[in-house]
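Tertiary structure, described
The primary structure of each chain is shown beneath.
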Amino acid sequence: MMTVYMVERDLKGITMEDLGGAQKAAIDKAAEMSSQGTDIKYLRSTFAPEDGRCMCLFDAQSAADVKRLNDDAGLPYDRIVPALDLTP
């Protein structure tokens, strides 16, 4: 069963260009892992430029898969927690 995981990041001072690159890296790594048999999908991110907080949502089998995706893609994070995606 898939679970939504929220990845919390501190990206204070990141440029919009670098933010776009980080998002692309997450999308590309999720696609690569999926093609190799790991059921994982990047859903979306929310970024608050004022304080640099970024929350990224992934649909995955485990937090370990989400950790591996972010580590392999070289994306910094503070923590990874199960979350409820309340998009209507």
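My aim in this report is to walk through the structure given alongside it, one point at a time. Since this is a predicted model, take the numbers as computed values, not measurements. (Residues numbered from 1 in each chain as written. Predicted model: local features only at pLDDT ≥ 70, side-chain atom pairs only at ≥ 80, totals over all residues. Heavy atoms only, no water.)

1. Section: helix H2 (residues 63-73)
Applied cut-off: For every residue, the accessible area (1.4 Å probe, protein chains only) is compared with the maximum for its type, and the residue is labelled buried under 20%, exposed over 50%, or partly exposed between those bounds. Where helices and strands are cited, they refer to DSSP runs of H or I of at least four residues and of E of at least two residues respectively, numbered from the N terminus. Taking the helix axis as origin, the arc is that swept by the directions to the C-beta atoms. Contact definition: two residues touch when any of their heavy atoms are within 4.5 Å.
Regarding H2, the residues found buried are Asp65, Val66, Leu69 and Asn70. Down the axis of H2, the buried side of the element spans an arc of 130°, and every buried residue falls inside it. Looking at the buried residues of H2, the elements they touch are strand S1 (3-10), helix H1 (16-35), strand S2 (40-48), strand S3 (53-60) and strand S4 (79-82). Looking one or two places after H2, you find glycine 74, whose phi comes out positive at around 70°.

2. Observations regarding the environment of threonine 38
In this fold, threonine 38 is placed in the loop between H1 and S2. Taking relative accessible area as the criterion, threonine 38 reaches 15% and is therefore assigned buried. Distance in space between the C-alpha atoms of threonine 38 and alanine 60 is 8.3 Å, their sequence separation being 22 residues. Here threonine 38 is in contact with Met33, Asp65 and Arg68, once residues within four sequence places are set aside.

3. Topic: the pairing of S2
Rules: The pairing criterion is simple: DSSP has to find at least two bridges between the two strands.
Bridge count between S2 and S3: 8 bridges; the pairing is antiparallel. Bridging from a neighbouring strand, serine 45 pairs with cysteine 56 of S3. Count of turn residues in the S2/S3 antiparallel hairpin: 4 residues, of which glycine 52 carries a positive phi of about 80°.

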